[in-house]
Amino acid sequence: MQQLFYTRMINEPVFHQRIEDRRANINKPMDPPAETKVEDTPENWSRQIKAFSLANEADMVGIARVRPEWVYEGFEVKLPWIIMQGVVQDYGQDRDRPRPHDQYGGAGSV
């Protein structure tokens with residue numbers, strides 16, 4: 001479903017830049033791991049992760065034990081915890097998007 005969305009929406013001017021910005025963020029190289037491992041409590045790590053996420057585009061953030069149904073088919077998650085971030089959808093920015101039956105070749109609203 002996600003691939004279908006990107007395939008169809010990449011040609012829509014309203015979404016094209018947002019998709020490209022997201023792709024650039026995903027492909028941005030990660031900083032190398034710290035040379036010295038920092039020990040802290042799970043509560044402090046959680047607090048720091050949430051503060052960083054909220055200061056960098058996330059509108060909500062949570063940390064949970066990974067559940068298999070959350071992982072896309074074809075992907076593997078080897079670590080036990082996942083950080084989930086939510087971003088508010090801007091209705092004003094998205095109001096001119098194609099209607100569901102236009103963007104998915106006949107699918108209607110659910």
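Definitions and limits used
- Residues numbered from 1 in each chain as written.
- Predicted model: local features only at pLDDT ≥ 70, side-chain atom pairs only at ≥ 80, totals over all residues.
- Heavy atoms only, no water.
- Helix = DSSP H or I, 4+ residues; strand = E, 2+ residues; numbered from the N terminus.
- Buried < 20%, exposed > 50% of the residue type's maximum accessible area, 1.4 Å probe, protein only.
- Contact = heavy atoms within 4.5 Å.
- Areas by Shrake-Rupley, 256 points an atom, 1.4 Å probe, with all protein chains shown as cover.
- Patch = residues over 30% accessible without salt bridge, like charges linked within 9 Å, V, L, I, M, F, W, Y side chains within 5 Å.
- Salt bridge = Lys/Arg side-chain N within 4 Å of Asp/Glu carboxyl O.
- pLDDT = per-residue confidence, 0-100.

Focus: the overall build of the protein
Point 1. Looking only at helices and strands, the protein features 5 helices and 2 strands.
Point 2. In the protein, the order of α-helices and β-strands from amino to carboxyl end is α-α-α-β-β-α-α.
Point 3. Counting only residues that meet the buried cut, the protein has 10% of its 110 residues in that class.
Point 4. Restricting the contact set of the protein to residue pairs at least 6 apart, pairs at least 24 apart contribute 39%.
Point 5. About 9,800 Å² of surface is accessible on the protein, with carbon and sulfur atoms providing 55% of the total.

Quick notes on a nonpolar patch on the surface
Point 1. Side chains of Ile 63, Trp 81 and Ile 83 sit close together on the surface and give an oily, nonpolar patch of about 290 Å² of accessible area.
Point 2. Locating Ile 83 in the fold gives a position in strand S2 (residues 81–86).

Thoughts on the side chain of Ser 53
Point 1. Within the secondary structure, Ser 53 is located in helix H3 (residues 42–55).
Point 2. Look at Ser 53 and you get buried, because its relative accessible area is 4%.
Point 3. If we ignore the near neighbours within four places in the chain, the residues touching Ser 53 are Ala 58, Val 61 and Gln 85.

Details of the confidence of the model for the protein
Point 1. Here the protein averages 81 in pLDDT, and 79% of its residues register 70 or above.
Point 2. Taken element by element, the predicted model of the protein shows its lowest mean pLDDT in helix H5 (residues 100–103) (49) and its highest in strand S1 (residues 60–65) (96).

Topic: the environment of Met 9
Point 1. Locating Met 9 in the fold gives a position in helix H1 (residues 2–9).
Point 2. Put simply, Met 9 and Ile 19 are 10 residues apart on the chain and 8.4 Å apart in space, counted from C-alpha to C-alpha.

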